[in-house]
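Summary of structural features
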Amino acid sequence: MADGDALLELAVSIAREAGEMLLAKRPARPEVLATKSSPTDVVTVLDRAAEELIRTRVRQARPYDAILGEEGGETPGLSGPSGEGGVRWVVDPIDGTVNFLYGLPDWAVSIGVEVDGEIVAGVVHNVPRAEIFTAVRGGGAWLAGERLRCNTGVPLSRALVATGFGYGAERRRVQAEVLADVVPVVRDIRRGGSCAIDLCSVAAGRVDAYYERGANYWDWAAAGLVAAEAGARIAGLNGKPANPELTLSAAPGLFEELHDLLAPLDPERG
Ligand code: IPD
Ligand code: CA
Ligand code: CA
Ligand code: CA
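Conventions we followed
Think of each chain on its own: its residues are numbered from 1, step by step along the sequence as written. Ligands are numbered from 1 and chains lettered from A, in the order in which they are written. Totals for whole chains, interfaces and linings use all residues, but because this is a predicted model, local features are given only for residues with pLDDT of at least 70 and pairs of side-chain atoms are given and counted only at 80 or more. Remark: hydrogens and water are excluded; side-chain values derive from all non-hydrogen atoms of the structure. Numbering of helices and strands runs from the N terminus, with a helix taken as a DSSP run of H or I at least four residues long and a strand as a DSSP run of E at least two residues long. Radius of gyration means the value over C-alpha atoms here, while the globule rule gives 2.2 Å times the residue count to the 0.38 power. Exposure categories follow from relative accessible area, calculated using a 1.4 Å probe and restricted to protein chains: below 20% of the type maximum is buried, above 50% is exposed, and the middle band is partly exposed. Contacts were defined at the residue level, with two residues in contact if any of their heavy atoms lie within 4.5 Å. The accessible surface values rely on the Shrake-Rupley method and a 1.4 Å probe; as for residues, cover is taken only from the protein chains in view. In this tally Asp and Glu are treated as negative and Lys and Arg as positive; neither His nor the chain ends contributes. By convention, charge coordinates are those of NZ in Lys, CZ in Arg, CG in Asp, or CD in Glu. For helices, the fitted axis covers only the stretch in contact; all axes are lines through C-alpha atoms, and the angles between them, taken along N-to-C directions, range from 0 to 180 degrees. Roughly parallel means an angle under 35 degrees; roughly antiparallel, over 145; roughly perpendicular, 65 to 115; everything else is oblique. Less than a right angle of anticlockwise turn of the near helix away from the far helix marks a crossing as left-handed, whereas a clockwise turn marks it as right-handed. Charged residues are taken to be Asp, Glu, Lys and Arg, nonpolar residues to be Ala, Val, Leu, Ile, Met, Phe, Trp, Tyr, Cys and Pro, and polar residues to be all remaining types, Gly included. By the convention used here, strands pair only if DSSP detects at least 2 bridges between them. Coordination partners: N, O, S within 2.8 Å of the metal, 3.2 Å for Na, K and Ca; water not considered, so apparent gaps in a site are possible. Each Phe, Tyr or Trp ring, with Trp reduced to its six-membered ring, pairs with another whose centre is within 6.5 Å; inter-plane angles below 30 degrees give stacked pairs, above 60 give edge-to-face pairs, and intermediate values give tilted ones. Here, patches come from residues exposed beyond 30% relative accessible area and free of salt bridges, joined within 9 Å for like charges and within 5 Å for nonpolar side chains (Val, Leu, Ile, Met, Phe, Trp, Tyr). Throughout this description, the term salt bridge denotes a Lys or Arg side-chain nitrogen within 4 Å of a carboxyl oxygen of Asp or Glu. By nonpolar core we mean a set of buried residues, namely Ala, Val, Leu, Ile, Met, Phe, Trp, Tyr and Cys, connected to one another through side-chain atoms within 4.5 Å.

**Brief notes about the overall build of the chain**
- When helices and strands are tallied, the chain shows seven helices and 15 strands.
- The globule rule puts the C-alpha radius of gyration for 270 residues at 18 Å, and the 18 Å found for the chain is close to it.
- Overall size of the chain, expressed as C-alpha extent along the three principal axes, is 50 × 40 × 40 Å.
- Across the 270 residues in the chain, those meeting the buried criterion constitute 54%.
- Nonlocal contacts in the chain, meaning residues at least 24 apart in sequence, comprise 59% of its contacts between residues at least 6 apart.
- By element, 52% of the accessible surface of the chain is carried by carbon and sulfur atoms, the whole surface being about 11700 Å².
- Positive and negative side-chain charges in the chain, numbering 27 and 38 respectively, have mean positions lying 3 Å apart.

**Regarding the packing of helix H1 (residues 4-25) against helix H2 (residues 45-61)**
- It is at 10 Å that the axes of H1 and H2 come closest, and there the two elements cross at 150°. Between H1 and H2, the angle is such that the two are roughly antiparallel. The handedness of the crossing between H1 and H2 is right-handed. Within the contact between the two elements, H1 uses Leu10, Ile14, Glu17, Ala18, Met21, Leu22 and Lys25 and H2 uses Leu46, Ala49, Ala50, Leu53, Ile54, Arg57, Val58 and Ala61.
- When the residues that make up the contact of H1 with H2 are grouped by side-chain class, the tally is twelve nonpolar, no polar and three charged.

**Things to note about the sheet that holds strand S3 (residues 66-69)**
- Strand order across the open sheet formed by eight strands is S4-S3-S5-S6-S7-S8-S9-S10, with mixed pairing between neighbours. Across the chains shown, the open sheet's two edge strands, defined by having one partner strand only, are strand S4 (73-75) and strand S10 (146-147).
- By the bridge criterion, seven bridges tie strand S5 (residues 87-95) to strand S6 (residues 108-115) in an arrangement that is antiparallel. Residue valine 90 lies in a different strand from S6, and its bridge partner there is glycine 112.
- Helix-sheet contacts for H2 involve S3, S4, S5 and S6, and the interaxial angle to S5 is about 155°.
- Along the sheet face, helix H6 (residues 217-229) touches S3, S5, S6, strand S7 (118-126), strand S8 (131-136), strand S9 (141-143) and S10 and points at about 100° away from the line of S7.

**Comments concerning the coordination of the calcium ion (ligand 3)**
- Each protein donor to the calcium ion (ligand 3) is listed here as Asp92 (OD), Asp95 (OD) and Asp219 (OD); together their distances run 2.0 to 2.2 Å.
- As a motif over one chain, the donors of the calcium ion (ligand 3) read D-x2-D-x123-D.
- Distance-wise, the calcium ion (ligand 2) is placed 5.1 Å from the calcium ion (ligand 3). Here aspartate 92 is found in strand S5, whereas its partner aspartate 219 is found in helix H6, with 127 residues between them in sequence.

**Details of the packing of aromatic side chains**
- This model, assessed by the stated rule, comprises two aromatic pairs.
- With centroids separated by 4.8 Å and ring planes inclined at 90°, the aromatic side chains of phenylalanine 100 and tryptophan 107 adopt a geometry described as edge-to-face.
- With relative accessibility at 0%, the residue phenylalanine 100 sits in the buried group.
- Note on tryptophan 107: relative accessible area 2%, which makes it buried.
- When the centroid spacing of 5.9 Å and the interplanar angle of 70° are considered together, the rings of tyrosine 217 and tryptophan 220 count as edge-to-face. Highlighted residues: tyrosine 217 and tryptophan 220, both in helix H6, separated by three residues, approximately one helical turn.
- Tyrosine 217 gets classed as partly exposed once you look at its relative accessible area, which sits at 24%.
- Classification of tryptophan 220 by relative accessible area gives buried; the value is 8%.

**Points about a nonpolar patch on the surface**
- Nonpolar side chains collect at one region of the surface, where Val98, Tyr102 and Leu104 lie side by side and expose about 290 Å² of accessible area between them.
- Note that leucine 104 resides in the loop between helix H3 (97-102) and S6.
- Owing to a relative accessible area of 45%, leucine 104 belongs among the partly exposed residues under this scheme.

**A look at the nonpolar core**
- Membership of the largest hydrophobic core comes to 35 residues, with the highest contact counts inside it found for Val124, Phe133, Leu148, Leu199, Tyr210 and Val226.
- In terms of residue count, the dominant contributor to this core is H6 (eight residues).
- Of all hydrophobic cores here, the second largest spans 32 residues; its members include Leu8, Ala50, Ala121 and Val123.

**A closer look at the sheet that holds strand S13 (residues 209-212)**
- If you walk across this open sheet you meet the five strands as S12-S11-S13-S15-S14, and the pairing is mixed. If you trace the sheet from one side to the other, it starts and ends with strand S12 (188-190) and strand S14 (233-235), each paired once. For this sheet the average axis-to-axis angle between neighbouring strands, irrespective of direction, equals 20°.
- The pairing of S13 with strand S15 (residues 247-250) spans four bridges and is antiparallel. The residue of S15 that forms the bridge with alanine 209 is alanine 250.
- Against the sheet, helix H5 (residues 195-204) contacts strand S11 (160-163), S13, S14 and S15, and its axis sits at roughly 150° relative to S13.

Written out as structure tokens, the structure is:
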């Protein structure tokens, strides 16, 4: 069965358990275990342990589902690549690893569940703040029993805009060039350190918009649904779905204004 509510219930219980494990095992000074795409792209023992725990729990409950995780990659379900009934779990075991490393209170366990390529349920558990954002497609976005609604009617000039910087010097140079065009025309910028939490902040009206060049699917899979269910648009440039080239989210209106500012970035425009 691939019912969104049932999938969400399981995702929430797994995200809670992973969060408890991470809080219990996080040493005062976690150590970098390895670097990945660049020296700034770090992974700790606990990123891997949390993903392992999440994979184990998914396997126990739903052995036929496929799993995509930041640390472990793609694992087919027992019955084939897309899992039985097309269910695939999209996992970021710690979104905000650098915050986790430094003891900053914004990192999250993020779990989205796809059916036939579309996310139908998502949970983002901001563990240090004990906040659990959830959404089921068509059922709204929720935090602590309250339905979330993004801010509407905010012009670009008054928008508080969250963004992020992926890893790698060249990518960051481009991100900085983009930022140079955005900072002068908005209220201010926030760089919280977790794409998933940034998108949930759009949903909760804690920021007005979020954009990032270089985020990955597991960063936004769950939180993109939370933002969408709170009334925000989430997409890439020029009608494309959100993608690593650009992930942009805001209420309609502000979305278009930011989109027009960022559109010259589209590599297809030459
Ligand atoms: C990162 C965070 C960060 C974003 C990066 C992501 P990680 O994820 O979401 O805010 O700017 O693009 O890679 O590595 O902490 O899971
Ligand atoms: Ca990472
Ligand atoms: Ca991430
Ligand atoms: Ca991560």
